[in-house]
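# Structure at a glance
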Amino acid sequence: MRFDCLHADYIGEIVAIERACFADPWSQRQFEQELSNELAHYVVALMDDQVVGYGGVWSISGEGNITNIAVHPDFRKRGIGQAVVERLISYAQELGLEFLTLEVRESNQGAISLYRKNGFEQVGARKGYYADNGETALLMTKYL
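Notes on the structure in this doc start here. The model shown is predicted, which means the values in this text are computed figures rather than measured ones.

About the cut-offs
- Residues numbered from 1 in each chain as written.
- Predicted model: local features only at pLDDT ≥ 70, side-chain atom pairs only at ≥ 80, totals over all residues.
- Heavy atoms only, no water.
- Pairing = 2+ DSSP bridges.
- Helix = DSSP H or I, 4+ residues; strand = E, 2+ residues; numbered from the N terminus.
- Axes fitted to C-alpha atoms, helices over the stretch in contact; angles between N-to-C directions.
- Contact = heavy atoms within 4.5 Å.
- Buried < 20%, exposed > 50% of the residue type's maximum accessible area, 1.4 Å probe, protein only.
- Core = buried A, V, L, I, M, F, W, Y, C linked by side-chain atoms within 4.5 Å.

### Remarks on the sheet that holds strand β2 (residues 40-47)
Read across the sheet, seven strands follow the order β1-β2-β3-β4-β5-β7-β6 without closing on themselves; strand pairing throughout is mixed. In this open sheet, the two strands that pair with only one neighbour each are β1 (2-5) and β6 (121-126). Here the average twist between neighbouring strands, direction ignored, is 25 degrees. Contacts from helix α1 (residues 11-21) reach β2, β3 (50-60) and β4 (63-71), with the element oriented near 90 degrees to β3. Helix α3 (residues 80-95) rests against β1, β2, β3, β4, β5 (99-105) and β7 (137-143) of the sheet, and its axis sits at about 30 degrees to β3.

### Quick word on unusual backbone geometry
A positive phi angle, near 65 degrees, is found at D49, a position not held by glycine. With respect to the helices and strands, the residue D49 is situated in the loop between β2 and β3. By relative accessible area, D49 is classed as exposed at 56%. Within the chain, S61 stands out as a residue other than glycine whose phi angle is a positive 50 degrees.

### Section: the nonpolar core
Within the largest apolar cluster, 28 residues are counted, with the highest numbers of intra-cluster contacts made by I66, V84, V104, Y115 and F120. It is α3 that contributes the most residues to this core, eight residues altogether. The residues touching F120, leaving out its near neighbours within four places in the chain, are I66, V85, I89, L100, L102, Y115, M140, T141 and K142. Within the second largest apolar cluster, 15 residues are counted, among which are Y10, F31, L46 and Y54.

### Remarks on the environment of Y10
Positionally, Y10 belongs in the loop between β1 and α1. Given the relative accessible area of 11%, Y10 is considered buried. When the C-alpha positions of Y10 and F31 are compared, they lie 9.8 Å apart, and in sequence the two are 21 residues distant. When residues no more than four places from it in sequence are discounted, the contact partners of Y10 are R2, D4, C5, V44, L46 and V51.

This is the structure we're talking about:
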């Protein structure tokens with residue numbers, strides 16, 4: 001596995017992973033807009049030149065917000081999600097960010113476990129956060 005930054009060539013594969021992983025996936029246009037977003041940084045995990053995972057973080061006024069992390073369903077349980085999270089944490093530290101935050105569905109125990117393993121703690125909840133089913137999002141933060 002190797003990592004690269006987000007490029008236009010990867011967007012089609014990323015959108016396919018979004019659709020496979022999320023009930024309310026980001027659109028191709030949203031990812032295309034991230035290419036010119038000066039606040040955004042994405043890491044793309046590749047195996048044999050195939051996109052198998054990715055993650056993004058926005059850096060805003062010394063704070064980091066993880067926008068999305070996903071691993072292709074066929075490539076889960078191989079440490080890819082862990083590696084993506086580690087890359088985003090390293091990037092945040094390089095930028096001198098104070099902390100990282102993210103929202104995660106309260107039912108997504110696999111992701112919650114991954115985030116806790118990497119030092120994220122639940123600091124709140126956003127009731128009705130997800131438009132598709134009204135599910136609560138847990139707000140998790142890692143101080144750097």
